[in-house]
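# A structural walkthrough
Here is how the chains run, residue by residue.
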Amino acid sequence: MSPVMQEMGIIVKSQQEIAQMREAGRIVAAVLEVVVEQVRPGITTAELDEVAVSEVGRLGAVASFKGYRGFPASICTSINEEVVHGIPGSRVLKEGDIISLDFGALLNGFHGDAAVTVGVGRISAEAQNIIDAAEDALEAGIHAARVNARLGDVSAAIQNCAESRGFSVVREYVGHGIGRQLHEEPQVPNFGIAGEGPLLRKGMTIALEPMLNAGIWRTMVAEDKWTVITADRKLSAHFEHTIAIGENGPEILTVL
Ligand code: MG
């Protein structure tokens, strides 16, 4: 596909649209903050989902994931070797687990999408390492997301950060454009070659979401048809922000 064709589906937002996405993003951040506060040994992932449902409702928005392609809950809860798309349920969190919390909110026709990985009680140094590396990889990707850079610059920044810390990046799931649709063009891989891919322009809004594995990058889908797990059952961590590419650099939209 030519570079021109690759860019065709990308929807550039106006300043007014980005202002609305800022509001949606703030709600995502607020909900995640409240859910993270509840993470502790003994709580179930279904209870975390209930917290997200009640908080997003209180803030006047709608959970983006509920019913999306049939997803049965409002938040994704992915524990330890689970990478993404874990379904909340009766599983009880225990000391030493790590959990990825991925949440999207729809407000006034625009989506925001973000994820964090946190420890449950005291966690191992290994677990803390992968969490820190995933957060740093997201930051590296955001830093590279500038007007006149290429999408490959973002992908390569994420990959280089992750691999320099000894972790692999998941290939089968990627970040994405976001706006009126939860998933828009372009796809944003967490691996790639600097200087390649579509040109980044002012007004592009994308969700960057590095998924780092402690072992191999390959993943599998669990029997529930949703939960993605590492093929070697080693730990995985996931961070995500929705950002807007502005004249003066990237702006994180999923913040308070
Ligand atoms: Mg996403």
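Everything below is about the structure printed above this text.
Residues numbered from 1 in each chain as written. Predicted model: local features only at pLDDT ≥ 70, side-chain atom pairs only at ≥ 80, totals over all residues. Heavy atoms only, no water.

### Describing the packing of aromatic side chains
- The full count for this structure, using the stated rule, is 1 aromatic pair.
- Consider the rings of Phe 71 and Trp 226, whose centres lie 5.0 Å apart with planes at 85 degrees: the pair is edge-to-face. Of the two residues, Phe 71 is situated in the loop between strand S1 (62–63) and strand S2 (75–79) and Trp 226 in the loop between strand S11 (219–221) and strand S12 (228–230); the sequence distance between them amounts to 155 residues.
- Residue classification places Phe 71 among the buried residues on the basis of a relative accessible area of 4%.
- What makes Trp 226 partly exposed here is its relative accessible area of 22%.
- Here Arg 171 stacks its cationic end above the ring of Phe 191, 4.7 Å away from the centre of that ring. (Phe/Tyr/Trp six-rings, centres within 6.5 Å; stacked < 30°, edge-to-face > 60°. Helix = DSSP H or I, 4+ residues; strand = E, 2+ residues; numbered from the N terminus. Buried < 20%, exposed > 50% of the residue type's maximum accessible area, 1.4 Å probe, protein only. Lys NZ or Arg CZ within 6 Å of the ring centre and 35° of its normal.)

### What about the sheet that holds strand S6 (residues 168–169)?
- Taken in spatial order, the 3 strands of this open sheet run S6-S10-S13, and their pairing is antiparallel. Only two strands of the sheet have a single partner each, and these edge strands are S6 and strand S13 (236–238).
- One ladder, built from 2 bridges, connects S6 with strand S10 (residues 211–213); its direction is antiparallel. Bridge pairing links Val 169 to Leu 212 in S10. (Pairing = 2+ DSSP bridges.)

### Some remarks on the sheet that holds S11
- Read from one edge of the open sheet, 3 strands run S3-S12-S11, paired in antiparallel fashion. Only two strands of the sheet have a single partner each, and these edge strands are strand S3 (82–84) and S11. Across the sheet, the axes of successive neighbouring strands diverge by a mean angle of 40 degrees, strand direction being ignored.
- Looking at chain direction, S11 and S12 are connected through 3 bridges and run antiparallel. In the strand pairing of S12, Thr 219 is matched with Thr 230. (Axes fitted to C-alpha atoms, helices over the stretch in contact; angles between N-to-C directions.)

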